[in-house]
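Results of the structural survey
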Amino acid sequence: MQPSHTLAIVDYGSGNLRSVWQAARHAAQDTNWNVLLTQDPAQIAAADRLILPGQGAMGDCMRELRASGLLEPVLEAARSKPLFGVCVGMQMLLERSEEGDGPQGTASLGLIGGRVRRFRFDEGQRQADGSRFKIPQMGWNRVHRPQQAQGQHPNAQHPMWAGIPDGSWYYFVHSYYAELADPSHCAGVADYGGPFTCAIAKDNLFATQFHPEKSAAQGIALYRNFLHWQP
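The text that follows walks through the structure, step by step, so that each part is easy to find. Along each chain, residues carry numbers from 1 onward, in the same order as the chain's sequence is written. Local features in this predicted model are restricted to residues of pLDDT 70 or higher, and side-chain atom pairs are both shown and tallied only at a pLDDT of 80 or more, whereas totals for entire chains, interfaces and linings draw on every residue. Each side-chain value is worked out from all heavy atoms of the structure, with water and hydrogens disregarded.

This part covers the overall build of the protein chain. A tally of regular secondary structure across the protein chain gives 6 helices and 13 strands. Taken over C-alpha atoms, the radius of gyration is set against a globule rule of 2.2 Å times the number of residues to the power 0.38. The C-alpha radius of gyration of the protein chain comes to 17 Å, within 12% of the 17 Å expected for a compact globule of 231 residues. Summarising its shape, the C-alpha atoms of the protein chain cover approximately 55 × 40 × 30 Å along the three principal directions. In the protein chain, buried positions account for 52% of the 231 residues. In what follows, a contact means two residues having at least one pair of non-hydrogen atoms within 4.5 Å. Nonlocal contacts in the protein chain, meaning residues at least 24 apart in sequence, comprise 71% of its contacts between residues at least 6 apart. Approximately 10,700 Å² of the protein chain is accessible, and the part contributed by carbon and sulfur atoms is 46%. Once the 20 positive and 21 negative side-chain charges of the protein chain are each reduced to a mean point, those two points are 3 Å apart. Helix and strand definitions here come from DSSP, where helices need a minimum of 4 consecutive H or I residues and strands a minimum of 2 consecutive E residues; each element is numbered from the N-terminal end. Summary of the burial criterion: residues with accessible area below 20% of their type's maximum are buried, those above 50% are exposed, and those between are partly exposed, where the area comes from a 1.4 Å probe applied to protein chains only. Per-residue and other accessible areas follow the Shrake-Rupley method at a 1.4 Å probe size, with only the shown protein chains counted as cover for residues. Positive charges come from Lys and Arg alone, negative charges from Asp and Glu alone, with His and the N- and C-terminal ends not counted. Taken as the charge location is NZ of Lys, CZ of Arg, CG of Asp or CD of Glu.

A few words on the pattern of salt bridges. Whenever a carboxyl oxygen of Asp or Glu lies within 4 Å of a side-chain nitrogen of Lys or Arg, that contact is scored as a salt bridge. Tallying each qualifying case throughout the model produces 6 salt bridges. A salt bridge links R63 to D60; the nearest nitrogen and oxygen atoms lie 2.4 Å apart. Remark: D60 and R63 occur in helix α3 (residues 58-67); sequence separation between them is 3 residues, near one turn of the helix. Since its relative accessible area comes to 46%, R63 is described here as partly exposed. Residue R117 is joined to E98 by a salt bridge in which the shortest nitrogen-to-oxygen separation is 3.1 Å. Separated by 19 residues along the polypeptide, R117 in strand β7 (residues 114-118) and E98 in the loop between β5 (96-97) and β6 (106-107) bring together distant segments of the chain. On the accessibility criterion, R117 (24% relative accessible area) is partly exposed.

Attention now moves to the packing of aromatic side chains. Under the pairing criterion, centres of Phe, Tyr and Trp rings, with the six-membered ring standing for Trp, must be within 6.5 Å; the plane angle then separates stacked pairs below 30 degrees from edge-to-face pairs above 60, leaving the rest tilted. Taken as a whole and judged by the stated rule, the model has 19 aromatic pairs. Pairing F119 with F196 gives two aromatic rings, centres 5.3 Å apart and planes at 90°, and the pair type is edge-to-face. With F119 in the loop between β7 and β8 (137-143) and F196 in strand β12 (residues 195-202), the pair connects residues that are 77 residues apart, well separated along the chain. Accessibility classification places F119 together with F196 in one group, the buried group. Where F121 meets Y192, the ring centres are 5.6 Å apart and the plane angle is 75°; that geometry is what we call edge-to-face. One end of the pair, F121, is in the loop between β7 and β8; the other, Y192, is in the loop between β11 (186-191) and β12, and 71 residues separate them in sequence. You can call Y192 buried: its relative accessible area is 10%. Geometrically, a lysine NZ or arginine CZ counts as sitting over a ring once it is within 6 Å of the ring centre and also within 35 degrees of the ring normal. Here R49 stacks its cationic end above the ring of F226, 5.5 Å away from the centre of that ring.

Of note, Q209 is situated in the loop between β13 (205-208) and α6 (216-228). Under the relative-accessibility criterion, Q209 is labelled buried at 0%. N or O atoms closer than or at 3.5 Å make up a polar contact, with two conditions inside protein: a donor-capable atom paired with an acceptor-capable one, and, for residues adjacent in sequence, both atoms drawn from side chains. Among the polar contacts made by the side chain of Q209, one reaches the side chain of Q91 at a distance of 2.9 Å. Non-local contacts of Q209, meaning those with residues more than four positions away in its chain, are made with C87, M90, Q91, F172, H174, Y176, Y177 and C198.

This part covers the side chain of S215. Residue position: S215 is located in the loop between β13 and α6. Among the polar contacts made by the side chain of S215, one reaches the main-chain carbonyl oxygen of H211 at a distance of 2.6 Å. Not counting the four nearest positions on each side in its chain, S215 is found in contact with W140, W169, Y170 and Y171.

Another point: unusual backbone geometry. Residue P136 follows I135 across a cis peptide bond; omega there is 5°. Tracing the backbone through its elements, the reader meets P136 in the loop between β7 and β8. One non-glycine residue, D30, lies in the positive phi region at around 65°. Along the chain, D30 falls in the loop between α1 (17-27) and β2 (33-38). A relative accessible area of 75% means that D30 is categorised as exposed. The phi dihedral of A216 is positive, around 55°, even though this residue is not glycine. Secondary-structure assignment places A216 in helix α6.

As structure tokens, then:
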């Protein structure tokens, strides 16, 4: 099948790039999508949709995005094109993170209102097996659709979850989580010492704290849904 659409994975020098690229290519099998791993601003500008990965410290990721010359192309694309943020790539969509060298933390892209907070656990908090909650959270955790007290949450049936059972398992490695200014932008919730937002969505933006590329079939399904999503 001749490719006619392009999915660009933003290579700004940070992130689990090869795994994301391989998983996205697998999701695009037997489709007319071409999956690129690129540092080229022109390819990002020309792409039909983007994946923004991220791994490591927020300050490093933001510095590398600026230094790469890709900050403005990503911001311009994010105004209209479907964009999928992964792990720190999700945190980068918010306004600011506690993680950073100074007391103010790190300013991020500001595309979705909210801040990134570090997990903090009381001394007496224990997991079901009696062990303490460790930071970072590292391993598999269930992801549930967001709920609200009355009525249907606007992202409870988000198209990115099509065909994926509620409560599916996804793989996490993180010490920080999203605290949203507007709860309607929550698209997924997990529990680690208490419920926290692990997926966010606003207009043409969708992002996850967990790693779809490390999450077996349910992760591939999420990337496949991204190729068909029409925000």
